[in-house]
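So you can see what is in the structure, the chains are spelled out below.
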Amino acid sequence: MAESDGARFGSDVIVDLLIEAGVEHVAFNPGASFRGLHDSLVHREGSPQISLCMHESIAVSMAQGYAKAAGKPMAVLLHNVVGLQNASMSIYNAWCDRVPALLIGGTGPKSKPRRRPWIDWIHTASVQANIIRDFVKWDDEPHDLESVEESFARALAATRSAPCGPVYLCYDVDLQEDPVPEDFVREGIGQYPVPSPPAASADDVAWILQAIEGAQHPVILAGYVGEQPESFQALVDLAEAFGAPVIDTGVRHAFPTTHPLAAMHVAGLLESADVVLALDVEDLHTPLRHRLVDDPTLTLLNVSLSGLKLRAWAHDYQAMVPAERLVTASADSVVSALLSKLRERPLPEAKVEARRTAVSTAISAARLAWRRQASAAEARGVVPLERVLYELSKALEGVDFVLGGGTGARLEHKYLALDRPRQYTGWGAGGGLGYGVGGALGTALAQPPGTITVDVQADGDLLFLPSALWTAAHKSLPVLFVVNNNRQYGNTVEHASRIAEHRGHDDGTRYVGAGLADPPVDLAAMAKSFGVWASGPISTVDALTQQLAAAVKIVSSGKPALIDVLTPGF
């Protein structure tokens, strides 16, 4: 390692690139393979803010939540092969979720004579990215400082272009720690634009409009659409212009939950639809079930970019979908093009108004029934989940909040007012446990002062990586964790019940290998040990309302809080 006499080093150049790219945050669990970068981040003015995590998966989950909340990437540093392996599940989550993220690894030294015995050998790989290459958009390992800038610019463009996804850059420790040559010159990365997203042809747009105009009961199924403020409003305008309900699949926050046409969870609409406009929905078989193959009365207008993210290793691309045509285009661009045509020639107003009236009446009745049922839900020794969400909605009245994590079934959309872009940042997408807390922390990093983040947190997911709570306390992030504590891995218990019934076994064994009640974990005590204000276990509605009020007050002051609520299941 060269002596420092005020010289600049390779890691300083990399940090300069992060600053030029507008990267504001970097998360990591520390490691020697990026000690040069670590030092540059600490000492370079204007560097991204550091979030110290106790596990690499937490760091990547933070980047995933941040990207969905901020609409841009943050950086994650991953310590050679061991940190990369720890992070691999969360990287897969981010890949499935189509989020931009700059993953930066350290390796080496690649020069064998410069390696320390043992440790530098076990922490060096022949192309380190091989372990994650099937679920990142691009990776690179530049071997000299002159190659770093172009590599970084390509990675930045790749991660931000549609469909988005994580990228991985790996830097040799010698590259990081050697002095910058006196004749080294950077050109700047601003000259390299992010590629424009694919757009639909005029023929595609006309085909969609013709089908919607002729429909009796059209439905919009929203996936990867509506993230930017202008596109969020555009989808509202399109729904109103069509008089069509919008079912938000929840992979992004595409539509305001209190709008008269917001139809998530409203029964019967998809079943009776004759035309469905699917806006970049990767899994259409779940919401449409048998209708895709068995119902000739259904016309599917399928707009998607999913075909552009195929990989050989994982089948995250979902089953193929039969349709007249597949429009490979950005859903936002299609919405914009449709609105442009509708401004020239609106649909017949009488027909649109009849649709709006019928649909909004059904939606309003469903919402009223949900709230009535939830407000009266009770159970001995536990609080029904619907009641938890209903009381949470009341506790958040008048509070500026975003939802950084919710239930797997998106039940919170029935009760919470989520009415602005990026107010809900979804779930882990890849199905890997341990995302919830880290994702909520990343969401919180992206919020302006005065906005709190709420995480409706499953107990099993929390116990997977509970040390994420330490980062919440360490950074004093205003996050309210409401733990849905049913003391079980609920998905496994449900599967156990189904297979026991099918095989004629005793359903009483469904908790074997899936229950978390023997012994029960004191989640509040655990949270307090990490420095987070906490209360619980809570088993009555009265206690829930009192502790929610106290927790909201704590979080509004700028600190994290956790309440552990016992819910049915154990």
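Refer to the structure above for everything that follows.
Residues numbered from 1 in each chain as written. Predicted model: local features only at pLDDT ≥ 70, side-chain atom pairs only at ≥ 80, totals over all residues. Heavy atoms only, no water.

Enquirer: Teacher, can you tell me more about the overall build of the chain here?
Expert: Counting secondary structure elements, the chain contains 21 helices and 16 strands. Each of the three principal axes of the chain carries a C-alpha extent, and together these read 75 × 60 × 50 Å. The buried share among the 570 residues of the chain stands at 55%. By sequence separation, contacts in the chain at least 24 residues apart represent 77% of the contacts at least 6 residues apart. Element-wise, carbon and sulfur atoms account for 53% of the exposed surface of the chain, whose accessible area totals about 24000 Å². Of the charged side chains in the chain, 46 are positive and 65 negative; the average position of the first set lies 4 Å away from that of the second. (Helix = DSSP H or I, 4+ residues; strand = E, 2+ residues; numbered from the N terminus. Buried < 20%, exposed > 50% of the residue type's maximum accessible area, 1.4 Å probe, protein only. Contact = heavy atoms within 4.5 Å. Areas by Shrake-Rupley, 256 points an atom, 1.4 Å probe, with all protein chains shown as cover. Lys, Arg positive; Asp, Glu negative; His and termini not counted. Charge placed at Lys NZ, Arg CZ, Asp CG, Glu CD.)

Enquirer: Help me out: how do you make sense of the nonpolar core in this one?
Expert: In summary, soluble globular proteins display a tendency toward joint burial of nonpolar side chains. Ile 220, Leu 235, Leu 238, Phe 242 and Leu 277 are the most contacted members of the largest nonpolar core, which totals 87 residues. In this structure, Leu 277 is in contact with Ile 208, Ile 212, Val 219, Ile 220, Leu 221, Leu 238, Phe 242, Leu 301, Val 303 and Leu 338, ignoring residues within four places of it in sequence. Ranked by size, the runner-up nonpolar core spans 48 residues in total, among them Leu 78, Leu 445, Ala 472 and Ala 524. (Core = buried A, V, L, I, M, F, W, Y, C linked by side-chain atoms within 4.5 Å.)

Enquirer: Explain the sheet that holds strand β11 (residues 326-327) here, please?
Expert: Within a sheet, each strand pairs with its neighbour through backbone hydrogen bonds, oriented either parallel or antiparallel. Here five strands make up an open sheet; going across it, the order is β8-β7-β9-β10-β11 and the pairing parallel. Here the strands that pair on one side only, and so sit at the sheet edges, are β8 (246-248) and β11. Where strand β9 (residues 275-279) lies against strand β10 (residues 299-303), five bridges are found, and the strand directions are parallel. Paired with Leu 279 across the bridge in β10 is Val 303. (Pairing = 2+ DSSP bridges.)

Enquirer: So what exactly am I meant to see when it comes to the side chain of Glu 412 here?
Expert: Relative to the elements of secondary structure, Glu 412 occurs in the loop between β12 (401-405) and α16 (435-445). No salt bridge is formed by the buried Glu 412; the nearest opposite charge belongs to Arg 410, separated by 5.8 Å. Those residues within four positions of Glu 412 in sequence are excluded, and the remaining contacts are Leu 389, Leu 403, Gly 406, Thr 407 and Tyr 424. (Salt bridge = Lys/Arg side-chain N within 4 Å of Asp/Glu carboxyl O.)

Enquirer: Which parts of the structure should I look at to understand the packing of helix α3 (residues 56-70) against helix α4 (residues 80-96)?
Expert: For any two helices packed against each other, one specifies the inter-axial angle together with the distance between the axes. Running from N to C, α3 and α4 cross one another at 30°; their axes reach a closest spacing of 7 Å. When the axis of α3 is compared with that of α4, the two are roughly parallel. Here the hand of the crossing between α3 and α4 comes out right-handed. Contacts between α3 and α4 involve Glu 56, Ser 57, Val 60, Ser 61 and Gln 64 from the first element and Gly 83, Asn 86, Ala 87, Ser 90, Ile 91, Asn 93 and Ala 94 from the second. (Axes fitted to C-alpha atoms, helices over the stretch in contact; angles between N-to-C directions. Parallel < 35°, antiparallel > 145°, perpendicular 65-115°, else oblique. Left-handed = near helix turned anticlockwise from the far one by under 90°.)

Enquirer: I would appreciate a short explanation of the sheet that holds strand β14 (residues 479-485) in the present structure.
Expert: The strand order β12-β13-β14-β16-β15 describes an open sheet built from five strands, whose pairing is parallel. Among the strands making up the open sheet, the edge pair consists of β12 and β15 (533-538). Strand-to-strand, the axes of this sheet are offset by a mean angle of 15°, without reference to chain direction. Bridging between strand β13 (residues 452-458) and β14 involves six bridges; their strand directions are parallel. In the strand pairing of β14, Thr 453 is matched with Val 479.

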